[in-house]
Amino acid sequence: MIKRASPACAGLLLLALVGAGCAHTNVPSLSEAAIEEPEEPMLLSQAATEEFQLEHSGFVVSLPETEAYLLQIAQTLAGADTALAQSLRVRIVQDPTLNAFALPNGALFVHTGLLARLENEAQIATILAHEMSHVEERHALKRYRQTKSNLAWMNVLTVSTGGYGSLLGGLGALASVSGYSRDLERDADVHGFLRLREAGYDLHSTVQVFDLLQRESERSSRKEPFFFGSHPRIAERQVSFGNLLVQYGVPETPGRLGETDYVRHLPPLLRLDIAAGLRIGDQEGAAQQLNRLKALAPYHVETAYLEAEWHRKGGAAGAATEAIPLYRRAITLDASYAPAWRGLGLTLGSVGDTREASMALRRYLDLSPVANDRAHMLQLISTWNSPAS
């Protein structure tokens, strides 16, 4: 197995990239050789640094059961490749964009925007298999050796998409924003497809997942910087996997879909994605995901709360009339759920019921004594209860 480097020399990567002189790109995969390549310690060190930064960014969420489930899928796909299997870990990023990427040290990051829109295990396996292939085939190292222009690497290293995207370092930006070269992406498609085939997954899902992503990309009309959110990149994956279906054929026995197992993990992913969508003002996307959530978890406190938030933040006529009973429903389901009291207080205040609004916000602050918006809530209560009001 390749020895993973310490993050201590991470700062040297940029200098190494500028002074790179390695010309050959014939790099064996992890399963073919355990020899560490000369440039690899710096690449792995940078990957460790970027992974640490992302882990502490506030965007990576903790869903232990779902992370374990996704890791189990990835390790199933790894099969007998023990070096790859042992290097893998999966992290979930609360971001509504369609994205997943792998760092060369085996860290896989998947956005809620992608996870919450998939329908079965075979579809997420398609994404994971592609990303794992970048790790297994050492594509970051191959890309590094292919690059003759220092400026090309500098452009990658300075990519910023704002917000979460601005936290990505050079390797993360390469993997998630620009993607690798077309040859390396097709190589990942082939190896990913073969992993899916060996693991017994439904191969039709390899194309269906990109059909689904293409529809979502067209619906949102967002100019996503990320690899899996780009129209041309999605189209390329559709064509590539379609060609692989023709080349290798599909087994007569239907492969594993894993719909029931995947759907079991969907509610928390949907909740995170709806909240992220509401933050960026995607009312249409949030509404679609809310419908799915209401079907899967109709009696969960956050289902009622998020539907109330959808009405309140949408700003449409009658929003308060629709939101208030939903906040009350959430409180009935769980009176200790602080966000519902906050939403109820703000909505009641907006329609002039300042007395009950103040009571609701006080209850919110009792439940959340260290809330970030405590000063603002106290100011609202003071304003509503002043003689002038």
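Up top is the structure these notes are about.
What counts, and where the lines are drawn
Residues numbered from 1 in each chain as written. Predicted model: local features only at pLDDT ≥ 70, side-chain atom pairs only at ≥ 80, totals over all residues. Heavy atoms only, no water. Helix = DSSP H or I, 4+ residues; strand = E, 2+ residues; numbered from the N terminus. Buried < 20%, exposed > 50% of the residue type's maximum accessible area, 1.4 Å probe, protein only. Areas by Shrake-Rupley, 256 points an atom, 1.4 Å probe, with all protein chains shown as cover. Polar contact = N/O pair within 3.5 Å; in protein donor to acceptor, adjacent residues only side chain to side chain. Axes fitted to C-alpha atoms, helices over the stretch in contact; angles between N-to-C directions. Parallel < 35°, antiparallel > 145°, perpendicular 65-115°, else oblique. Left-handed = near helix turned anticlockwise from the far one by under 90°. Contact = heavy atoms within 4.5 Å. Pairing = 2+ DSSP bridges. Nonpolar A, V, L, I, M, F, W, Y, C, P; charged D, E, K, R; others polar.

(A) Molecular detail of the overall build of the protein. Along the backbone of the protein there are 20 helices and 4 strands. Within the protein, the proportion of its 389 residues that are buried is 53%. Surface exposure of the protein reaches about 17,100 Å², of which carbon and sulfur atoms provide 54%.

(B) Looking closely at the side chain of Gln 238. With respect to the helices and strands, Gln 238 occurs in helix α12 (residues 231–248). Side chain to side chain, Gln 238 and Asp 211 meet in a polar contact 2.7 Å long.

(C) Quick look at the packing of helix α6 (residues 121–136) against helix α10 (residues 182–199). Between α6 and α10, the least distance of the axes is 8 Å, while the angle of their chain directions is 125 degrees. Of the possible angle classes, the one that applies to α6 and α10 is oblique. Where α6 crosses over α10, the handedness of that crossing is right-handed. On α10, the residues that touch Ala 122, Ala 125, Thr 126, Ala 129, His 130, Ser 133, His 134 and Glu 136 of α6 are Leu 184, Glu 185, Ala 188, Asp 189, His 191, Gly 192, Arg 195 and Leu 196.

(D) Geometry of the sheet that holds strand β4 (residues 107–111). The sheet built from 4 strands is open, its strands ordered β1-β2-β4-β3 with mixed pairing. At either margin of the open sheet sits one strand with a lone partner, and together these are β1 (60–61) and β3 (100–102). Bridge count for β1 against strand β2 (residues 89–93) is 2 bridges, and the pairing is antiparallel. Looking at β2, one finds that Val 61 is bridged to Ile 92.

(E) Highlighting the packing of helix α14 (residues 266–279) against helix α16 (residues 301–314). Direction vectors running N to C along α14 and α16 enclose 15 degrees, while the axes themselves pass 11 Å from each other. With respect to their mutual orientation, α14 and α16 come out roughly parallel. Helix-helix and strand crossings are classified by hand; for α14 and α16 the assignment is left-handed. Between α14 and α16, the residues in contact are Arg 271, Ile 274, Ala 275 and Leu 278 and Glu 302, Leu 306, Glu 309, Trp 310 and Lys 313, respectively. By residue class, the composition of the contact of α14 with α16 is 5 nonpolar, no polar and 4 charged.

(F) Examining the pairing of β4 more closely. Counted residue by residue, β4 has 5 buried out of 5 residues, so it is predominantly covered. Neither face of β4 is open: one carries Ala 107, Phe 109 and His 111, the other Leu 108 and Val 110, and all of them are buried. Two strands pair when backbone bridges link them, and β2 and β4 are joined in this way by 5 bridges, in the parallel orientation. Paired with Val 90 across the bridge in β4 is Leu 108. Where β3 and β4 come together, 3 bridges link them in antiparallel fashion. In the sheet register, Ala 100 faces β4, and the bridge partner there is Val 110. Taking the residues between adjacent antiparallel strands as the criterion, β3 and β4 are bridged by 4 residues, where Gly 106 takes a positive phi near 100 degrees.

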